[in-house]
Amino acid sequence: MVPGAVLQGRGVSPGRVAARAVSLAPALPEPDAETVVPPEGREAEVSTIEWAAVAVADQLRSRAERARGEARAILDASRLLASDPELVAEATALVRAQGRTAARAVWETSAAHEAALTALGGRMAERAADIRDVRDRMIAEILRVDMPGVPERDEPFVLVATDLAPADTAALEGGSCVALVTADGGPTSHTAIIARALGLPAVVGVAGATGIPEGAMVLVDGDHGSIHVDPDEAEIAEARAAAVVVTFDGRGRLADGTRVPLLANVGGASDAGSAAAAHAEGVGLFRTEFCFLDRTEAPSIEEQVEAYRGVLRAFPGRKVVVRTLDAGSDKPLPFANDDDEDNPALGVRGLRLSRRRPALLDDQLRALARAADAESADVEVMAPMVATVDEAADFAARCRAAGLDRAGIMIETPAAALLAAELFEVVDFVSLGTNDLAQYTLAADRLSSALADLNDPWQPAVLRLIGTVGAAGRAAGKPVGICGEAAGDPALAPVLVGLGATSLSMTPRALGRVAAALDVVGPDECRRAAEGASRAATAAEARQAAALVLGGGGAG
Ligand code: PEP
Ligand code: MG
């Protein structure tokens, strides 16, 4: 692989980090199929299998006890698989009837189970990794060899693998792994779920991942799904600086004391717990689709109520802005998006789904109203991917009919930004989704690393649209939040406030840096930086213009 090569995959957990690549320890070789155990030796092989199953279940139980949240649930699921009497019964039957060795019998039994799961496709196929993991543990135990898996290192490292077994990903907690890169896997794979829960940037489905040389420096960009092999020093330094977490005291403000609440973006209860621990002032974006990414059937209202209450519970008495399902495009939900679309980013995604499936939206709103009644958080609800005033008015009416009194919309399309004044006549607040707003303004796929320079919120066209929304919000006296990645950029945050943002919502790791950047500037400087940046002709000039007013390098 040539130094400087950029590999492309699917970013499933955000963040940028640079560290050396370390490969997962290789899988065990397939046990020999030719050996036939003589009848008098077969009972000994049978008891080896039974003992191995007990030992593996014990190992997984003690690891589950040390783990938390999703990692714990996954280890528990693997432990149940290891104790599955069917697996042991089928393997021991192969030994008794056909004289297979213990290792071979476990291999063949697992292969049959794995093939059955793979044939089912979708979510079940992704669970085949669970079976392989338990198989390898049992065979390693039978052969008394080391288990393949996550290597132990003192230095931070990027773990590179074909795919990760659930127990591998669960073993990452508290270790030195700082990012994940896999050749296989999808957005609902365990790798993706655990990476998000642990806050590790992750890119899956990377062709050529296993060709990354051991020990090579790699820059993993979980937002754009890219892996840069042997990046230059400046890029490494930038990624390292961004990775250091600065603490937040829980009160976002400008130098003169003007309040700018700093909120968190979350995808479920475990994220909400981390956000509360990081002193987020509330939730500015709860991406509800993240609760149901792997579902083939729509979740029931009861299930939804439970999932939403898990997030609301973490912020009693605080604001929680819940976004209705943003299914489609980069986040397809099997139960909601059943069509193949030529241009899914421009297709039936977000609020547009309610054209075909109004009940899906109404059920979600009912579930949110019930969750809001049961908890003390201040719940506000907003719709993604709005392009017209009619859509916004219809959404607000549905919210009110469901008993939700604060209804808003995300501004993610240039159409919505241009119509902000009219939109404020029908909704209570807006939140700018700058990730999509940049994508649609510059007409550049946000998942494409080749177009990353276009997907840049410093592009003056994007800044001017944000300014239009900010001005409309001021005129209407209504809140303008920002919840795209731009809100977590400390160089851009004062500019966004100057453009009219009244709150910023971001990944909890960014709270401290953004707070520190706002704490040293006044409202007037924010306004002047915003004017300079949005008058600029290019993104580079916009950064310079802001830096001229705010000081610092202005690097976004
Ligand atoms: C956005 O588009 O900026 C946004 C916050 O929504 P998502 O990233 O989930 O599309
Ligand atoms: Mg969006």
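Residues numbered from 1 in each chain as written. Chains lettered and ligands numbered in written order. Predicted model: local features only at pLDDT ≥ 70, side-chain atom pairs only at ≥ 80, totals over all residues. Heavy atoms only, no water.

**A closer look at the nonpolar core**
At step 1: Of all hydrophobic cores here, the largest spans 95 residues; its most connected members are Leu262, Ile411, Trp458, Val495, Leu496, Leu504 and Leu518.
At step 2: Take this core: its biggest share by element is 8 residues, from helix H13 (residues 358-374).
At step 3: Judged by nonpolar contacts, the second largest core, of 30 residues, contains Ala57, Ala91, Ala105 and Ile139. (Core = buried A, V, L, I, M, F, W, Y, C linked by side-chain atoms within 4.5 Å. Buried < 20%, exposed > 50% of the residue type's maximum accessible area, 1.4 Å probe, protein only. Helix = DSSP H or I, 4+ residues; strand = E, 2+ residues; numbered from the N terminus.)

**Quick word on the sheet that holds strand E13 (residues 407-411)**
At step 1: Pairing is parallel in the closed barrel, where 8 strands are placed in the order E9-E10-E11-E12-E13-E14-E15-E16. Adjacent strand axes in the sheet meet at a mean angle of 30 degrees, parallel and antiparallel pairs treated alike.
At step 2: As defined by bridge partners, strand E15 (residues 480-482) adjoins strand E16 (residues 503-506) across 2 bridges and the pair is classed as parallel. Each residue of the ladder has a partner; that of Gly481, found in E16, is Ser503. (Pairing = 2+ DSSP bridges. Axes fitted to C-alpha atoms, helices over the stretch in contact; angles between N-to-C directions.)

**Quick notes on the sheet that holds strand E5 (residues 177-182)**
At step 1: Spatial strand order, E1-E8-E7-E3-E4-E5-E6-E2: 8 strands in an open sheet with mixed pairing. Each having just a single partner strand, strand E1 (6-8) and strand E2 (10-13) make up the two edges of the open sheet. Strand-to-strand twist across the sheet, computed as the mean angle between neighbouring axes with direction ignored, equals 30 degrees.
At step 2: Pairing between strand E4 (residues 157-161) and E5: 5 bridges, direction parallel. Following the sheet pairing, Ala161 is matched in E5 by Thr182.

**Some remarks on the packing of helix H1 (residues 42-66) against helix H4 (residues 102-120)**
At step 1: Closest axis-to-axis distance for the H1/H4 pair is 9 Å, and the angle between their directions is 55 degrees. The orientation of H1 with respect to H4, classified from their angle, is oblique. Along this stretch, H1 crosses H4, giving a crossing that reads as right-handed. Across from Glu45, Thr48 and Ile49 in H1, the residues of H4 making contact are Ala102, Ala105 and Val106.
At step 2: A per-class count over the contact of H1 with H4 returns 4 nonpolar, 1 polar and 1 charged. (Parallel < 35°, antiparallel > 145°, perpendicular 65-115°, else oblique. Left-handed = near helix turned anticlockwise from the far one by under 90°. Contact = heavy atoms within 4.5 Å. Nonpolar A, V, L, I, M, F, W, Y, C, P; charged D, E, K, R; others polar.)

**So, the domain arrangement of the chain**
At step 1: Assigned domains within the chain: domain 1 (6-25 + 149-242), domain 2 (39-143) and domain 3 (262-521).
At step 2: Distance from the C-alpha centre of domain 2 to the C-alpha centre of domain 3: 43 Å. (Domains from an automatic or database assignment.)

**Observations regarding unusual backbone geometry**
Among all residues save glycine, negative phi is the norm, and among peptide bonds the norm is trans.
At step 1: A positive phi angle, near 55 degrees, is found at Asp230, a position not held by glycine.
At step 2: Along the polypeptide, Asp230 turns up in the loop between strand E8 (226-229) and helix H9 (233-243).
At step 3: The backbone of His279 shows a phi angle near 70 degrees, a positive value even though the residue is not glycine.
At step 4: Among the structural elements, His279 can be located in the loop between helix H10 (269-277) and strand E10 (282-287).
At step 5: On the basis of relative accessible area, His279 is assigned to the partly exposed category, the value being 42%.

**Looking at the pairing of strand E11 (residues 319-323)**
At step 1: With respect to burial, E11 is a largely interior element, 4 of its 5 residues being buried.
At step 2: By the bridge criterion, 4 bridges tie E10 to E11 in an arrangement that is parallel. Across the sheet, residue Arg287 finds its bridge partner in E11, namely Arg323.
At step 3: With respect to chirality, the unit in which E10 leads through helix H11 (residues 301-312) into the neighbouring parallel E11 is right-handed.
At step 4: Two elements, E11 and strand E12 (residues 378-383), share 5 bridges in a ladder whose sense is parallel. Bridging from a neighbouring strand, Val320 pairs with Val379 of E12. (Right-handed = clockwise from strand over helix to strand, strands pointing away.)

**Notes on helix H3 (residues 85-98)**
At step 1: For H3, spanning 14 residues, the distance from its first C-alpha to its last is 20 Å, which sits close to the expected 20 Å at 1.5 Å a residue.
At step 2: Of all the residues in H3, the buried ones are Leu87, Val88, Ala91, Thr92, Leu94 and Val95. Looking straight down H3, one finds its buried side chains confined to an arc of 145 degrees; they lie on one side. Exposed side chains of H3 directed beyond 90 degrees from the buried face belong to Pro85 and Ala97.
At step 3: In the core, the buried residues of H3 are packed alongside H1, helix H2 (69-82), H4 and helix H6 (128-143).
At step 4: Looking at where H3 begins, the residue whose side-chain oxygen comes 2.9 Å from the main-chain nitrogen of Glu86 is Asp84.
At step 5: Positive backbone phi, approximately 70 degrees, marks Gly99, located one or two places after H3. (Expected span 1.5 Å × (residues − 1). Arc of directions from axis to C-beta. Polar contact = N/O pair within 3.5 Å; in protein donor to acceptor, adjacent residues only side chain to side chain.)

**Quick notes on the coordination of the magnesium ion (ligand 2)**
When four donors bind a metal tetrahedrally, each ideal donor-metal-donor angle is 109.5 degrees, and when six bind octahedrally, the ideal angles are 90 or 180 degrees.
At step 1: Protein ligation of the magnesium ion (ligand 2) involves Glu412 (OE) and Asp436 (OD), the donor distances falling in the range 2.0 Å. Taken together, the residues span a long stretch of sequence, with Glu412 in the loop between E13 and helix H15 (414-418) and Asp436 in helix H17 (residues 434-442) at a distance of 24 residues.
At step 2: Among the residues examined, Glu412 registers a relative accessible area of 2% and is labelled buried. (Donors = N, O, S within 2.8 Å, 3.2 Å for Na, K, Ca; no water.)

**Observations regarding the packing of H11 against H13**
At step 1: Remark: H11 packs on H13, axes separated minimally by 8 Å, with the N-to-C direction vectors making an angle of 45 degrees. As judged from the angle between their axes, H11 and H13 are oblique. Two packed elements cross with a definite hand, and for H11 against H13 that hand is right-handed. Across from Ile301, Glu302, Gln304, Val305, Tyr308, Arg309 and Leu312 in H11, the residues of H13 making contact are Asp363, Gln364, Arg366, Ala367, Leu368, Arg370, Ala371, Ala372 and Ala374.

**Regarding the site of ligand 1**
At step 1: Every one of the 14 residues lining ligand 1 counts as a neighbour, but Arg287, Arg323, Lys331, Asn435 and Arg446 are closest to it.
At step 2: Contact between ligand 1 and Glu412: an oxygen atom at 2.9 Å from a side-chain N or O atom of the residue.
At step 3: In the model, an oxygen atom of ligand 1 is placed 2.7 Å from a nitrogen or oxygen of the Asn435 main chain.
At step 4: Elements that contribute at least two residues to the shell around ligand 1 include exactly E10 and H17.
At step 5: The leading source of residues in the shell around ligand 1 is H17, at 3 residues.
At step 6: Residue composition of the shell around ligand 1, grouped by class: 3 nonpolar, 4 polar and 7 charged. (Near = heavy atom within 4 Å.)

**Comments concerning the side chain of Asn455**
At step 1: Residue position: Asn455 is located in the loop between H17 and helix H18 (460-476).
At step 2: At 3.3 Å, the side chain of Asn455 and the backbone nitrogen of Gln439 are in polar contact.
At step 3: Reaching out from Asn455, the side chain makes a polar contact with the backbone oxygen of Ala444 at a distance of 2.9 Å.
At step 4: Those residues in contact with Asn455 that sit more than four places away from it in its chain are Asn435, Ala438, Gln439, Ala444, Asp445 and Arg446.

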